[in-house]
Amino acid sequence: MTHLTGKQVLAIVTNYGVEQDELLVPVRHLRDHGAVVTVAAAEPGDIRTLVSDEKPGETVRPDTTIDAVDTAGFDLLLVPGGTLNADNLRQRPEAVAAVEAFASSGRPVAAICHGPWALVEADRLKGATLTSYPSLATDVRNAGGTWVDQEAVRDDGAGFPLVTSRTPGDLPAFLREVDAVLDD
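Basis of the calculations
- Residues numbered from 1 in each chain as written.
- Predicted model: local features only at pLDDT ≥ 70, side-chain atom pairs only at ≥ 80, totals over all residues.
- Heavy atoms only, no water.
- Pairing = 2+ DSSP bridges.
- Helix = DSSP H or I, 4+ residues; strand = E, 2+ residues; numbered from the N terminus.
- Contact = heavy atoms within 4.5 Å.
- Axes fitted to C-alpha atoms, helices over the stretch in contact; angles between N-to-C directions.
- Expected span 1.5 Å × (residues − 1).
- Buried < 20%, exposed > 50% of the residue type's maximum accessible area, 1.4 Å probe, protein only.
- Arc of directions from axis to C-beta.
- Phe/Tyr/Trp six-rings, centres within 6.5 Å; stacked < 30°, edge-to-face > 60°.
- Lys NZ or Arg CZ within 6 Å of the ring centre and 35° of its normal.
- Salt bridge = Lys/Arg side-chain N within 4 Å of Asp/Glu carboxyl O.

1. Some points on the sheet that holds strand β6 (residues 64-65)
Judged by pairing direction, the sheet is mixed, and its 7 strands sit side by side in the order β6-β3-β1-β7-β8-β12-β11 without closing on themselves. Each edge of the sheet is formed by a strand with only one pairing partner; in this case those strands are β6 and β11 (152-155). Looking at chain direction, strand β1 (residues 8-13) and strand β3 (residues 36-41) are connected through 6 bridges and run parallel. Following the sheet pairing, L10 is matched in β3 by T38. Strands in contact with helix α1 (residues 20-32) are β1, β3, β7 (76-79) and β8 (109-112); relative to β3, the strand with the most contacts, it is inclined by about 155 degrees.

Written out as structure tokens, the structure reads:
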């Protein structure tokens, strides 16, 4: 199972509040399929994940910080959710700049749950059809996107490949679409 060998994936998160499975399940899946995944945190130090936005999850050691990463060498940007993580991430200029770098160069972005808030903040949803946690539907529409209630959506309407999903329960469909976009 190494069909993603050589693919470089960048995951960006804050140090507290990322939904555990929205970070760890994709990272493990991608690594198991041969991709090299770099986890970049907002600040130096461990990442404290949460389960369902409230229960303590696993602690993760990041590989680097977002501001220290040169995004040019990566094939896909992964933006996990978690309400606290996503709300804080979209307020960090370096995270918004990472989203902008991928979108403007036509490289794929994969965002799950509240992760699309970073795309709203980067103003990169005009023309896109996507899904997210349902509470983001109005934000997506206000940013020029079309929100749909589906387990996973792959769309190129904003000028770059965008893969989105609603919740950890949709991870199997999300990962199928992430694999497909990386295989292109």
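2. Things to note about helix α3 (residues 93-104)
Its 12 residues give α3 an end-to-end C-alpha distance of 16 Å, which sits within 8% of 16 Å, the value for a rise of 1.5 Å per residue. Within α3, the full set of buried residues consists of A95, V96, A98, V99, F102 and A103. Along the long axis of α3, the arc covered by the buried residues comes to 155 degrees, so they all point the same way. Tucked inside the fold, the buried residues of α3 contact β1, β7, α2 (83-89), β8 and α4 (117-121). A positive phi of about 80 degrees marks G106, the residue just after α3.

3. Observations concerning the packing of aromatic side chains
Applying the stated criterion across every chain, the model contains 0 aromatic pairs. One cation-aromatic arrangement involves R90 over W117; the distance from NZ or CZ to the ring centre is 4.1 Å. The ring of F102 carries the charged tip of R107 above its face, separated from the ring centre by 4.1 Å.

4. Comments concerning helix α6 (residues 171-183)
End to end, α6 covers 18 Å across 13 residues, agreeing with the expected 18 Å (1.5 Å per residue, within 8%). Turning to α6, its buried residues number three or more, namely L171, A173, F174, L175, V178, D179, V181 and L182. Next to the buried residues of α6 lie β1, α1, β7, β8, β11 and β12 (162-165).

5. Points about the sheet that holds strand β5 (residues 55-60)
What the 3 strands build is an open sheet, ordered β2-β4-β5; its pairing is mixed. Strands at the two margins of the open sheet, each flanked by one partner only, are β2 (16-19) and β5. Geometrically, the sheet is characterised by an average inter-axis angle of 45 degrees between neighbouring strands, direction not taken into account. Of the strand pairs in this sheet, β2 and strand β4 (residues 47-51) are connected by 2 bridges, and their pairing is parallel. For Y16, the partnering residue across the bridge sits in β4 and is R48.

6. Focus: the pattern of salt bridges
Applying the stated rule across the entire model yields 12 salt bridges. Measuring nitrogen to oxygen at the nearest pair gives 2.8 Å for the salt bridge that ties D149 to R166. Of this pair, D149 sits in the loop between β10 (146-147) and β11 while R166 is found in the loop between β12 and α6, placing the two residues 17 residues apart along the sequence. Put simply, R154 and D184 hold a salt bridge, and the shortest N to O gap is 2.1 Å. With R154 in strand β11 and D184 in the segment after α6, this residue pair connects regions lying 30 residues apart in the sequence. Overlapping salt bridges, with partners in common, bring together E43, R92 and E94 in one network.

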